[in-house]
Each structure stands twice: as structure tokens, then as C-alpha cells.
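So you can see what is in the structure, the chains are spelled out below.
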Amino acid sequence: MDQSKKRVVPLQPDWYSPRRLHDSPTQYEFPGDRFIPNRSLMNLDQAHCLLTNKIKEVHNPNFGKGYREMLRQSLTLDSEGRPFRMLVFRGSPKSRRKRNYVIDEMRRDIDAEVLSNGIKQHESRRLPTKEVKVLDAPKIKDDFYVNLMDWGKNNVLAVALGSALYLWNAENQEVKKLLEVQGDNDYPTSVAWSEKATSLAIGCMKSKLQIWDPETSKCIRSLGGHQSRIAAIAWNGHTLTTGSRDRSIINHDVRVRNSPTSRIQAHTEEVCGLKWSSEGNVLASGGNESFIYIWEASKMSSSNFLHRFNAHNQAAVKALAWCPYQFNVLASGGGKLCFPGAFDYASDFQLLICGLEWNRHHKEILSGHGYGNSGVQNHLCLWKYPSMTKVGEINRHGRRVINLSQSPDGLTVVSAGGDETLRFWEIFGPPRVENSASDFENLLSFKTSLIR
């Protein structure tokens, strides 16, 4: 071949390179996946802030209109003055897509239906006026500090009545007496199911701590270490944590014979609240002196706490609940409802909060109340989160609410009252209709996908 007739073809630069995309991401049609956002084109810090923070607009008279407009633009426009986009996708712009009349009409109908269902679901959020079931609870201790009830993942409710402990099966309604504590003035003061509900831990008035097998109705372990009543128990895998009137917190490794692994002496009065985070790396403890301590699981042997909060105005902190969808948010109940480390919510009434349960299907939290100096006492109150506006309240107990517990499916809450009743409420469900289908199912749906 004649080398002189060879023609040199200049190589074109990659026209959909990252630099080209960054400069003009919507001017070109280029191959790519329109469902995967391009992280290089996003301001992730700004997106996270807009998603996780609810900003309340407050007009300061010291700032003029011009300043507020500059502030608004800095929050909603990018560095080049274009509208800020939280997710930036590859692919052809919508204006360049070929229209399909039938598909577009179907998508508009679905959007309208979802919007309508969302409004209906929002409007239907009402508290029940009556419980779905009431069980007698004779001899239940009307004591603010104790934790006498727990609903396990096996759908069995354990409740202490006087010196005995009973198991109520929610599926077949059967009741079984598991044990009766022997001795004068001795009785269960705290109960807690293990995470898989294979074992039940029971703490007693006279410092006895036992682990029972509910299937065989036998005591499989007896643990020591406390010198007074055990008011709070919390499981974290194979670790059993107990809090006592002797002001100490003890961690037990239930796999070994010499079970106590660490002992903490930070509270100056009775430890009446314990709750491990869902990840199991952080423990919250509440005491009668109104303090809340936050402990790291890996550093508990040193007794050095991670945080300490005092926001309850000398009220005992018994009710503790970690948020199921924000792992670093803790709700605490004393003389008011608080979120230590985030913000405090001072309610319009001062009374003791005996229990807290997060709604896993809606962003709400339920509080159970005791005695107070206002007309709102012995109530159940439902609050929206994070606005903390009250959805409503229920007053069906004749005396204060002692404890709250939630069913494994998160749809039913049971409240134990000093009026010797257990009342069951369908207050947390069902889940919203628009959240019932997964994103993957929506992606493959013929009505919502352009893949055809």
C-alpha cells in the first residue's frame, strides 16, 4: 500500500467525559444510566442538610429584604447561579425524549392517584377513641420506677403481677404463669426479652436476677452483683445490662460463668431507665437524679461516659427510646419530653412521662403519662416528629400509665396502668399506602417505567 495515501483521522476527545458533563450536563445526549445519580455533579453536603434539617423561616427585622434574597439564593442556587439540584442523573434530557402519548397519560393518572391516596392517608391519621382489648392485671405494682412489661419478638407479652410473672400469647390468647418469686416483700421489678425472644431476664426487688427459658419454664441462669432492687434491664446480643437502686449499672456476658464484665457507678440515685441503640454500640441510662448518660459499648469498663444531659428539671428519667429511622436521636421522658443532644421540647404541662414508643410506620412518638399538676394526667399522647405537634391524646386509664410496650409488627401498643388493667391500642398502623411498594417494584412497573 502506498504510504503517501494514508489519511490521518484526528481522534475526537470523549464528548461525554466528566469535565464536559460538569460544564454542560444537559446539552448532550450520551449513553448512561438515567436511574443512577452522578455524584460528581452533586453537592452532597448541601443535599444532606436540606434532607435532614427542617428549617423554620424566621424574619429578623434587623435584616433587610435584599439580605434575605441573597441568603435564599445561596441556599437554593449553585455556584454558577443555576437552580440547585439534589440528584443529577445521566442520560438524555426530558425535552429531547420522544413522547409516547399512552404512557404519558398513564403516568399522569398514577401520579394523581398517588397524590390523592397520600392526602387521604394523611387525613386519616386519628387516634382511636377506644382500646381494642382490655385485660385485667390484678396486683400490678403502681410504681413509677419499675419496668414490669415487655412484648417479645415471639409475640408473647411478659408482665409481672405482684410476686408472679405471666406470659400472654397474642396469637392464641393463652396465659401461662412462668414463675412466682418466693420471700417476704420480694417480687419482679423489671422484665426484658432477649433480642430473639429465646430468653427472658427478670430482675427482682431484693436484687435477684434470673434468666428463664420460656419454652421449658425453667430458670437457666442466676446472676448477682447488685445490692438492691433491679429496676431496668436491657439486652444487647449476648450482653445483659441491668440498672439498680444501688446506683450501679452492670454488664453481664451471659455466655460465661463469671458473667459480670463491667460495673459503672456514675448515677447518684437509682438507675430506672436503660436502652441500647439499634446498632448496639451506644447505651443510654436514666436516673432518679434527672441525669441521662450516654455510654460507648467499647469503653464501658472505664466508666467514662460519652455524654451527660440534665434537661428534666429534677424529674426521674425512666422513659428512653432510640429513634428507629434516625440512629443518633434519643427521646427521653421525665418532667417533659426531650431529645438530648438535638433539642428539648418543653411540653405545655409538667408531669411524669412513664413510657415512650416510636411509631415505625409514621414519624410519630407515643408518650404515656402519670401524675402532674395539670388536667393532663394518666394520658397517652401522640406527637408528630420532628415538629412535636400533638396529634391527640387518650384518657382511658383510671390511674397513671406505668409502662408501654409495642407488638413485634409495630401496629399495636399495650399500656399498663395503675388501675390494674392492660389496654391494647391500634394506634401505630397500618403503614402508608404509598410506601407499601418497594422502589424496585415501582422501577419495574409498566405504568411508571419507560422500559418497554
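Residues numbered from 1 in each chain as written. Predicted model: local features only at pLDDT ≥ 70, side-chain atom pairs only at ≥ 80, totals over all residues. Heavy atoms only, no water.

Notes on the sheet that holds strand 15 (residues 282–287)
Piece 1. The four strands lie next to each other as 14-15-16-17, forming an open sheet whose pairing is antiparallel. The open sheet terminates on both sides in strands that have one partner only, identified here as strand 14 (271–276) and strand 17 (307–309). Between one strand axis and the next, the sheet turns through 20° on average, direction left out of account.
Piece 2. Sheet analysis places strand 15 next to strand 16 (residues 292–296), joined by five bridges and oriented antiparallel. Within the sheet, the bridge partner assigned to Ser285 lies in strand 16 and is Tyr293. (Pairing = 2+ DSSP bridges. Helix = DSSP H or I, 4+ residues; strand = E, 2+ residues; numbered from the N terminus. Axes fitted to C-alpha atoms, helices over the stretch in contact; angles between N-to-C directions.)

Comments concerning the UniProt feature "repeat: WD" (unreviewed entry) in the chain
Piece 1. Those places that UniProt annotates as "repeat: WD" (unreviewed entry) correspond, in this numbering, to residues 181–222, 264–305 and 394–427.
Piece 2. Taken end to end, residues 394–427 is 0% helix and 50% strand, and its first and last C-alpha atoms sit 11 Å apart. (UniProt positions renumbered as here; feature names shortened; annotations may be inferred.)

Notes on the pattern of salt bridges
Piece 1. The tally for this structure, following the rule as stated, stands at 13 salt bridges.
Piece 2. Close ionic contact of Glu131 with Arg423 constitutes a salt bridge, the shortest N to O distance being 2.6 Å. Of the two residues, Glu131 is situated in the loop between helix 4 (101–123) and strand 1 (133–136) and Arg423 in strand 28 (residues 421–425); the sequence distance between them amounts to 292 residues. By the burial criterion, Glu131 is buried, and Arg423 matches it.
Piece 3. Note that Asp142 is salt-bridged to Arg400, the shortest N-O span being 2.8 Å. Separated by 258 residues along the polypeptide, Asp142 in the loop between strand 1 and strand 2 (149–151) and Arg400 in the loop between strand 25 (390–394) and strand 26 (401–406) bring together distant segments of the chain.
Piece 4. What you see here is one network of salt bridges that share partners, running through Glu131, Arg396, Asp419 and Arg423. (Salt bridge = Lys/Arg side-chain N within 4 Å of Asp/Glu carboxyl O. Buried < 20%, exposed > 50% of the residue type's maximum accessible area, 1.4 Å probe, protein only.)

Describing the nonpolar core
Most often, soluble globular proteins keep nonpolar side chains buried together rather than apart.
Piece 1. Ranked by internal contacts, the top residues of the largest apolar core, which has 30 residues, are Leu157, Leu165, Leu167, Leu178, Leu200, Ile202 and Leu422.
Piece 2. Listed by contribution, the elements that provide at least two residues to this core are strand 2, strand 3 (156–161), strand 4 (164–169), strand 5 (175–180), strand 6 (188–193), strand 7 (200–204), strand 27 (413–417) and strand 28.
Piece 3. The residues touching Leu165, leaving out its near neighbours within four places in the chain, are Ala158, Val159, Ala160, Lys176, Lys177, Leu178, Leu179, Val191, Leu200 and Ile202.
Piece 4. Core analysis: the next-biggest nonpolar cluster, separate from the first, contains 15 residues, Ala319, Cys381, Trp383 and Met388 among them. (Core = buried A, V, L, I, M, F, W, Y, C linked by side-chain atoms within 4.5 Å. Contact = heavy atoms within 4.5 Å.)

Considering unusual backbone geometry
Negative phi values dominate among residues other than glycine, just as trans dominates among peptide bonds.
Piece 1. Look at the link from Tyr385 to Pro386: it is a cis peptide, with omega at 10°.
Piece 2. Here Pro386 is to be found in the loop between strand 24 (380–384) and strand 25.
Piece 3. Phi is positive for Asn155, which is not a glycine, with a value near 65°.
Piece 4. Its identity as a non-glycine residue notwithstanding, Ser303 has a phi of 65°, on the positive side.
Piece 5. Position of Ser303 among the secondary structure elements: in the loop between strand 16 and strand 17.

Some thoughts on the environment of Glu131
Piece 1. For Glu131, a relative accessible area of 7% corresponds to the buried category.
Piece 2. Filtering out sequence-adjacent residues up to four positions away, Glu131 remains in contact with Arg396, Arg423, Phe424 and Trp425.
Piece 3. A polar side-chain atom of Glu131 sits 2.8 Å from a polar atom in the side chain of Arg396.
Piece 4. Within the structure, the side chain of Glu131 is placed 2.6 Å from the side chain of Arg423, a separation counted as a polar contact. (Polar contact = N/O pair within 3.5 Å; in protein donor to acceptor, adjacent residues only side chain to side chain.)

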